[in-house]
Amino acid sequence: MWQIPLIGSILEGAGNIIDKKIVITHKINYKNCTVYSFLALVLVMLPLTFFFWEIKPEAYSIKNLLIFMSVILFAILANLLAFFSLKRENITELEPIRLMQPLFIVLLAFIFSFFFAAYYTERKYSIIILALIASIALIASHLRKHHLVLNKYIIAALLGSFFFAVELVISKEILPYYSSVTFYFLRCLLIFIIAAFIFHPSISSIKTKTKLLMLLSGIVWTIYRLILYYGYLTLGVVFTTILFILSPIFIFIFARIFLKEKILLRQIIASVIIIACVIAAILLEI
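Residues numbered from 1 in each chain as written. Predicted model: local features only at pLDDT ≥ 70, side-chain atom pairs only at ≥ 80, totals over all residues. Heavy atoms only, no water.

Chemist: What is the right way to read the overall build of the protein chain from this model?
Modeler: The helix and strand tally for the protein chain stands at twelve helices and zero strands. For the protein chain, with 286 residues in total, the buried portion stands at 55%. The contacts of the protein chain with a sequence gap of at least 6 include a subset with a gap of at least 24, amounting to 89%. For the protein chain, the exposed area adds up to about 13,300 Å²; of that, 74% sits on carbon and sulfur atoms. (Helix = DSSP H or I, 4+ residues; strand = E, 2+ residues; numbered from the N terminus. Buried < 20%, exposed > 50% of the residue type's maximum accessible area, 1.4 Å probe, protein only. Contact = heavy atoms within 4.5 Å. Areas by Shrake-Rupley, 256 points an atom, 1.4 Å probe, with all protein chains shown as cover.)

Encoded structure:
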């Protein structure tokens, strides 16, 4: 069922564009955006929990509870940094940094495969090589001189990508003990509570149109994350990641259509390389 993660890659592209519009067009600061984005996710997920709630006894062990809390910590840091980095003028300017995330995921999953039983199946050298080629091609196609100048937005995007990667990779260790709906709901609920307690946001200052856009973002990201967890559990972290590497292609297309940003020839070439790597990976797994 490799087609399902491909749908997820489209949703990831759409979600990034929606979040960009919320931060820039609707002028929502990254702290409020973090709080209310997770509130939207909780509201979207709440009805689903009545039908798909499941937590196995193993989830309550000290080890697995510590892993779960680590997921929450890294997720909070990653989302704060990601929303902060979106204050850059063009989303495509940040893509070379944000595109480090798949590379981080592949490398972390490969390293973990030598130490943790849940990752033994991730040691598929052919798939790892294809994932590395696709990731490096994507990053290289966006490197420009001014991207080498570190500023607070680029550093935030880089750290955000790394923390997202850590969160996703360590999540696989405990995903089997929850339904995907339960795991994502608890993750989002705890992040919302912690962020709201820290930032004390005011919802009255947010317009109705912005709230609706946040709710749409919540729907998109919920479906995306459930598909991602499905891929991790059934296809593996590395293979799912290589399928989701297609998402930046959709980000470029959506950025061009909805944000009127320019697509460069090097991005088109990188897209061709990525598609070739994805097709090769699919053929190897069939």
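From this point on, the discussion continues.
Chemist: How do you make sense of the packing of aromatic side chains when you look at a structure like this?
Modeler: In this description, an aromatic ring pair is defined by two values, namely the gap between the centres and the angle between the planes. Here the structure, examined in full by the defined rule, presents ten aromatic pairs. Here Phe68 and Phe183 contribute two aromatic rings whose centre-to-centre distance is 5.6 Å and whose plane-to-plane angle is 80 degrees, an arrangement assigned as edge-to-face. Placement of the pair is Phe68 in helix α3 (residues 62-85) and Phe183 in helix α8 (residues 180-199), with a sequence separation of 115 residues. Of the residues examined, Phe68 reaches a relative accessible area of 5% and is grouped as buried. A centroid spacing of 5.8 Å and a plane angle of 35 degrees characterise the contact between Phe74 and Phe163, whose relative ring orientation is tilted. Here Phe163 lies in helix α7 (residues 152-171) and Phe74 lies in helix α3, a separation of 89 residues in the sequence. In this structure Phe163 comes out as buried when scored by relative accessible area, which is 17%. Chaining the aromatic ring pairs together yields one cluster made of Phe68, Tyr178, Phe183, Tyr184 and Tyr229. (Phe/Tyr/Trp six-rings, centres within 6.5 Å; stacked < 30°, edge-to-face > 60°.)

Chemist: Which parts of the structure should I look at to understand the pattern of salt bridges?
Modeler: Where charged atoms from two side chains of opposite charge approach closely, those side chains can pair. Following the criterion strictly, the structure yields three salt bridges and no others. When the shortest N-O distance is used, the salt bridge between Glu167 and Arg187 registers 2.7 Å. Separated by 20 residues along the polypeptide, Glu167 in helix α7 and Arg187 in helix α8 bring together distant segments of the chain. Taking relative accessible area as the criterion, Arg187 reaches 1% and is therefore assigned buried. The partner of Glu167 in a salt bridge is Arg225, with the nearest N and O atoms 2.9 Å apart. Of this pair, Glu167 sits in helix α7 while Arg225 sits in helix α9 (residues 208-234), and the two are 58 residues apart along the sequence. (Salt bridge = Lys/Arg side-chain N within 4 Å of Asp/Glu carboxyl O.)

Chemist: Explain the packing of α3 against α8 to me, please; I cannot follow it from the model alone.
Modeler: For any two helices packed against each other, one specifies the crossing angle of their axes together with the interaxial distance. Following both chains from N to C, one finds α3 and α8 inclined at 60 degrees, their axes separated by 10 Å at the closest point. Considering the angle they form, α3 stands oblique to α8. The chirality of how α3 crosses α8 is right-handed. On the side of α3, the interface is formed by Phe68, Val71, Ile72, Ala75, Ile76, Asn79 and Leu80, while α8 contributes Phe183, Leu186, Arg187, Leu190, Ile191, Ile194 and Phe199. Broken down by class, the residue content of the contact of α3 with α8 amounts to twelve nonpolar, one polar and one charged. (Axes fitted to C-alpha atoms, helices over the stretch in contact; angles between N-to-C directions. Parallel < 35°, antiparallel > 145°, perpendicular 65-115°, else oblique. Left-handed = near helix turned anticlockwise from the far one by under 90°. Nonpolar A, V, L, I, M, F, W, Y, C, P; charged D, E, K, R; others polar.)

Chemist: Can you help me understand the environment of Tyr232 in this one?
Modeler: Residue placement: Tyr232 occurs in helix α9. The class for Tyr232 is buried, based on a relative accessible area of 1%. Ignoring anything within four residues of it in the chain, the contact list for Tyr232 reads Ile105, Leu168, Lys172, Leu175, Val237, Thr240 and Thr241.

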